[in-house]
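So you can see what is in the structure, the chains are spelled out below.
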Amino acid sequence: MADNAAPVFLLTRPRAQSERFAQQMRDVLGAQADIRIHSLQEILALDVQVDLTGIAALAFTSENGARVFADQSTRRDLPAYCVGDRTAATATELGFAAFSAGGTVDDLADLIVAAKPQGRVLHLQGKHKAGDLVAALTAQGVNAAGFEIYDQRALPVAPALHALLLGQGQVVAPIFSPRNAALFSQAVLGAEMTVQLLPIAISAATRDALAPEIAAICETADHPSGANMLQSLSRHISP
């Protein structure tokens, strides 16, 4: 790859999240940024009923949990403790009183412990969860439970993604969750590849969910947030 060649940016999260982040990337990197969306998963709400008896607060570790629960229930009277600013913004838009930990699952646990909820905290989660919030809360004396309300179902790898990996130059791939990391590893390791691949993980936990050979070439954002991911991506655009 020539030193001044622009990379291709590969987004593999669910379609709606990838499209929103692609627009944020264009706002920061410029309209000329070459962004390809090849989603490796989709969000499917589970056919479940959430029992809120005795629940004092809700916890969300992704915006997907907030959106799915908001579709399932009209309740908006419980505080919503959220792992990061994007999840908190989504919960606020949906009508919850939301509080952001601005970081990791451990940061979220600390936020909830400090709030001293007078009752059980319910973590509304996907089948594939990032970290164990309930265990972290229980260890600190908080009455907590988890309940799965959605699935992050894997999608087939599109032929266009295989073609991209067989191209030239550099492909920079932001990775946003352990589930995203696992599916990305499967897609990459199951394909022939001639590009120079650079994954960028949003957190150490996400990096550690990559296959070892992919994790070995991975960068990690300075802080687990969309803003820091954008900063990491911007370093790979030539001035």
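Placed above this text is the structure.
Residues numbered from 1 in each chain as written. Predicted model: local features only at pLDDT ≥ 70, side-chain atom pairs only at ≥ 80, totals over all residues. Heavy atoms only, no water.

Asker: I'd love a proper account of unusual backbone geometry, names of residues and values included.
Answerer: Backbone geometry places Lys116, a non-glycine residue, at a positive phi of 50°. Positionally, Lys116 belongs in the loop between α4 (105-115) and β7 (120-126). Under the relative-accessibility criterion, Lys116 is labelled exposed at 62%. (Helix = DSSP H or I, 4+ residues; strand = E, 2+ residues; numbered from the N terminus. Buried < 20%, exposed > 50% of the residue type's maximum accessible area, 1.4 Å probe, protein only.)

Asker: Residues and numbers for the nonpolar core, please.
Answerer: Within the largest apolar cluster, 22 residues are counted, with the highest numbers of intra-cluster contacts made by Leu10, Leu161, Val171 and Phe184. Breaking this core down by element, the ones donating at least two residues are β1 (8-11), α6 (159-165), β9 (170-175), α7 (178-189) and β10 (196-201). Sort the elements by how many residues they give to this core and α7 lands first, with five residues. Phe60, Phe69, Ala91 and Ile149 belong to the second-largest nonpolar core, a separate cluster that totals 19 residues. (Core = buried A, V, L, I, M, F, W, Y, C linked by side-chain atoms within 4.5 Å.)

Asker: Lay out the sheet that holds strand β2 (residues 34-37) with the relevant residues and their values.
Answerer: Pairing is parallel across the open sheet formed by five strands, whose spatial order is β2-β1-β9-β10-β11. In this open sheet, the two strands that pair with only one neighbour each are β2 and β11 (219-220). Of the strand pairs in this sheet, β9 and β10 are connected by six bridges, and their pairing is parallel. Paired with Val172 across the strands is Leu198, a residue of β10. (Pairing = 2+ DSSP bridges.)

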